[in-house]
Amino acid sequence: MTGAASALLAPRGAFAAPGGESLGALAAAKGILFGASLAAHELDRDYGAKYAEIYQRDCRIVTSELEFKLSALRAKEDAIDFYDADRLVQFAHGHGMQIRAHTLIWNDDVPQWIKDLDGAGAAQLLDMHIETVMVRYKDSVRFWDVVNEPIGPWDNLPGKLRAGPFYAALGEGYITAAFNKARSIEPSAVLVLNEAQCETADDNGEIFRSSFLALLKRLKDAGAAIDAVGLQGHLKTAARYDFPRFTAFLQDIAALGFAIHITELDVNDTGADGSITDRDRQVAALYGKFLGAVLSVKAVNVVQTWQLSDAASWMQDKGLQADNKMHTDPRPLPYDSRFRRKLAWDAIAQAFANAPPR
Ligand code: GLA
């Protein structure tokens with residue numbers, strides 16, 4: 001077929017995905033696992049069937065958006081509620097998808113009763129919670145975000161660590177304690193340390209990258225059982241990036257022996273002007289540039305977006321939109337809010353097609 005004829009057959013954008021038209025399949029062809037975060041309650045919405053359909057088409061792994069957080073499992077002190085986590089596991093397994101449970105320990109997003117614990121209570125909870133949850137889902141969940149977002153420069157703690165009940169109880173040692181407890185329960189699970197805000201070229205990105213890398217070195221020396229580093233990848237069209245620099249950071253992480261997962265990729269298009277198509281072009285271009293850079297690093301073997309359709313993005317939150325002067329109709333993901341593929345989908349597909357195999 002000539003170039004012109006194949007271009008005519010391309011369903012959208014510049015790239016026609018071969019066979020199947022699945023991001024999961026395109027990624028798998030290169031040894032990369034692709035998926036997205038999923039929220040079980042979205043399956044109950046009017047659009048639940050369409051929501052499920054795009055995951056079935058594209059995802060080989062789902063992350064629990066809310067269901068495994070302490071705020072969901074342990075909203076109350078005297079009970080643990082597995083209802084939504086069970087639903088997510090059932091959906092994923094019913095469709096042959098792997099699961100990333102997010103997150104066992106996070107100093108943010110904890111209910112008040114946990115904030116009120118004393119040091120001994122928080123240390124005991126860390127141990128008991130990891131054991132209870134991992135034992136229950138041992139055979140269902142392979143990927144665990146054991147600790148989320150250890151860095152928080154605004155708290156002015158040594159190492160620029162984030163404050164919270166687990167840090168207050170054990171200092172930096174809470175991270176090693178969590179990983180080693182997780183390893184003792186599930187030796188073959190993939191244990192992940194997940195971090196935000198490392199991507200930008202500004203001072204904030206620089207502080208996150210240097211603090212996080214220094215932390216990883218200390219954790220390695222301390223013998224923390226970490227298999228992979230998660231980098232969230234919440235990008236913004238309005239932010240500055242230096243991808244060669246970011247790639248060098250990934251190489252530094254890989255040199256420590258960790259696999260790298262891109263765990264929460266999306267593109268905030270606040271500030272992008274023009275028509276919907278113009279905005280979608282800018283979003284797609286950033287997906288393409290970011291993935292082109294990170295997939296050149298072979299240690300990157302998992303890529304996940306944070307939700308898959310604009311309809312369910314965390315950027316739909318009206319309070320967040322008002323506080324951050326965001327677009328009230330954000331377009332951060334590969335599918336629009338009516339579950340139609342966008343240029344971002346094509347950009348992701350193209351990036352997988354171009355990626356060197358693992
Ligand atoms: C962070 C957390 C996620 C989620 C997103 C945005 O990245 O890791 O669990 O809360 O923020 O919603």
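Asker: For this particular structure, what's the right way to read the overall build of the protein?
Answerer: Scanning the protein from terminus to terminus reveals 14 helices and nine strands. Here the C-alpha radius of gyration of the protein, 20 Å, is about what a compact globule of 358 residues would show, namely 21 Å. Taking the principal axes of its C-alpha atoms as reference, the protein extends roughly 70 × 40 × 40 Å. Counting only residues that meet the buried cut, the protein has 54% of its 358 residues in that class. When contacts within the protein are restricted to residue pairs at least 6 apart in sequence, those whose partners lie at least 24 apart make up 78%. Carbon and sulfur atoms provide 51% of the accessible area of the protein, an area that totals close to 14,600 Å².

Asker: I keep staring at the packing of helix 10 (residues 203–221) against helix 11 (residues 243–255) and nothing clicks. Help me out?
Answerer: Pairs of packed helices are described in terms of their axes, by the angle between the two and the distance that separates them. Two elements in contact, helix 10 and helix 11, have axes separated by 11 Å at closest approach and are oriented at 10°. When the interaxial angle is binned, helix 10 and helix 11 end up roughly parallel. Listed contacts from helix 11 to Glu206, Arg209, Phe212, Leu213 and Leu216 of helix 10 are Arg245, Phe246, Phe249, Asp252 and Ile253. Considering only residue class, the contact of helix 10 with helix 11 consists of six nonpolar, no polar and four charged.

Asker: It is not clear to me how the packing of aromatic side chains should be interpreted in this structure. Could you clarify?
Answerer: Two descriptors summarise a pair of aromatic rings, namely the distance from one centre to the other and the angle between the planes of the rings. For the structure on display, the rule yields twelve aromatic pairs. Residues Phe34 and Phe352 carry aromatic rings whose centres are separated by 5.6 Å and whose planes lie at 70° to one another, so their mutual orientation is edge-to-face. Highlighted residues: Phe34 in strand 1 (residues 33–38) and Phe352 in helix 14 (residues 343–354), separated in sequence by 318 residues. Neither Phe34 nor Phe352 differs from the other in exposure class; each is buried. Plain terms: the ring middles of Phe246 and Phe249 are 5.9 Å apart, the flat faces sit at 35° to each other, and that makes the pair tilted. Note that Phe246 and Phe249 are positioned in helix 11 at a spacing of three residues, about one turn of the helix. For Phe246, a relative accessible area of 1% gives the class buried. Members of the aromatic cluster, each reached through a chain of ring pairs, are Tyr241, Phe243, Phe246, Phe249 and Phe290. If you follow Arg341 out to its NZ or CZ, it ends over the ring of Trp345, 3.6 Å from the centre.

Asker: Please clarify how the site of the ligand should be interpreted in this entry.
Answerer: In the region of the ligand, the neighbouring residues are Lys69, His102, Trp106, Asn148, Glu149, Gln232, His234, Glu264, Trp306 and Trp314. Residue Asn148 places a side-chain N or O atom 2.9 Å away from an oxygen atom belonging to the ligand. Take Glu264: an N or O atom from its side chain is 2.4 Å from an oxygen atom of the ligand. Taking 300 Å² as the accessible area of the ligand by itself, protein coverage stands at 85%. Of the residues that constitute the shell around the ligand, the class distribution is three nonpolar, four polar and three charged.

Asker: So what exactly am I meant to see when it comes to the nonpolar core here?
Answerer: Core analysis: the biggest nonpolar cluster contains 107 residues, and Tyr55, Trp144 and Leu231 have the highest contact counts within it. Setting aside its immediate chain neighbours within four residues, Trp144 contacts Phe68, Ala101, Leu104, Val133, Met134, Tyr137, Ala189, Val190, Leu191 and Val192. In this structure, Phe143, Ala228, Ala259 and Val302 belong to the second largest nonpolar core, which totals eight residues.

Asker: Is there a simple way to explain helix 3 (residues 48–58) in this structure?
Answerer: One turn of an α-helix holds 3.6 residues; hence residues three or four places apart share an orientation. Residues Gly48, Tyr51, Ala52, Ile54, Tyr55 and Asp58 constitute the buried set of helix 3. Buried residues of helix 3, viewed axially, fall in a sector of 160°; they line one side. In the core, the buried residues of helix 3 are packed alongside helix 2 (23–28), strand 1, strand 2 (61–64), helix 5 (83–94) and helix 14.

Asker: Looking at this model, I keep getting lost on helix 9 (residues 173–185). Mind explaining?
Answerer: Between the first and last C-alpha of helix 9 there are 19 Å, a value that for 13 residues agrees with the 18 Å anticipated at 1.5 Å per step. Where helix 9 is buried, its residues contact strand 3 (98–106), helix 7 (119–137), strand 4 (143–148), helix 8 (165–170), strand 5 (190–195) and helix 10.

The rules behind these values
Residues numbered from 1 in each chain as written. Predicted model: local features only at pLDDT ≥ 70, side-chain atom pairs only at ≥ 80, totals over all residues. Heavy atoms only, no water. Helix = DSSP H or I, 4+ residues; strand = E, 2+ residues; numbered from the N terminus. Rg over C-alpha atoms; globule rule 2.2 N^0.38 Å. Buried < 20%, exposed > 50% of the residue type's maximum accessible area, 1.4 Å probe, protein only. Contact = heavy atoms within 4.5 Å. Areas by Shrake-Rupley, 256 points an atom, 1.4 Å probe, with all protein chains shown as cover. Axes fitted to C-alpha atoms, helices over the stretch in contact; angles between N-to-C directions. Parallel < 35°, antiparallel > 145°, perpendicular 65-115°, else oblique. Nonpolar A, V, L, I, M, F, W, Y, C, P; charged D, E, K, R; others polar. Phe/Tyr/Trp six-rings, centres within 6.5 Å; stacked < 30°, edge-to-face > 60°. Lys NZ or Arg CZ within 6 Å of the ring centre and 35° of its normal. Near = heavy atom within 4 Å. Polar contact = N/O pair within 3.5 Å; in protein donor to acceptor, adjacent residues only side chain to side chain. Core = buried A, V, L, I, M, F, W, Y, C linked by side-chain atoms within 4.5 Å. Arc of directions from axis to C-beta. Expected span 1.5 Å × (residues − 1).

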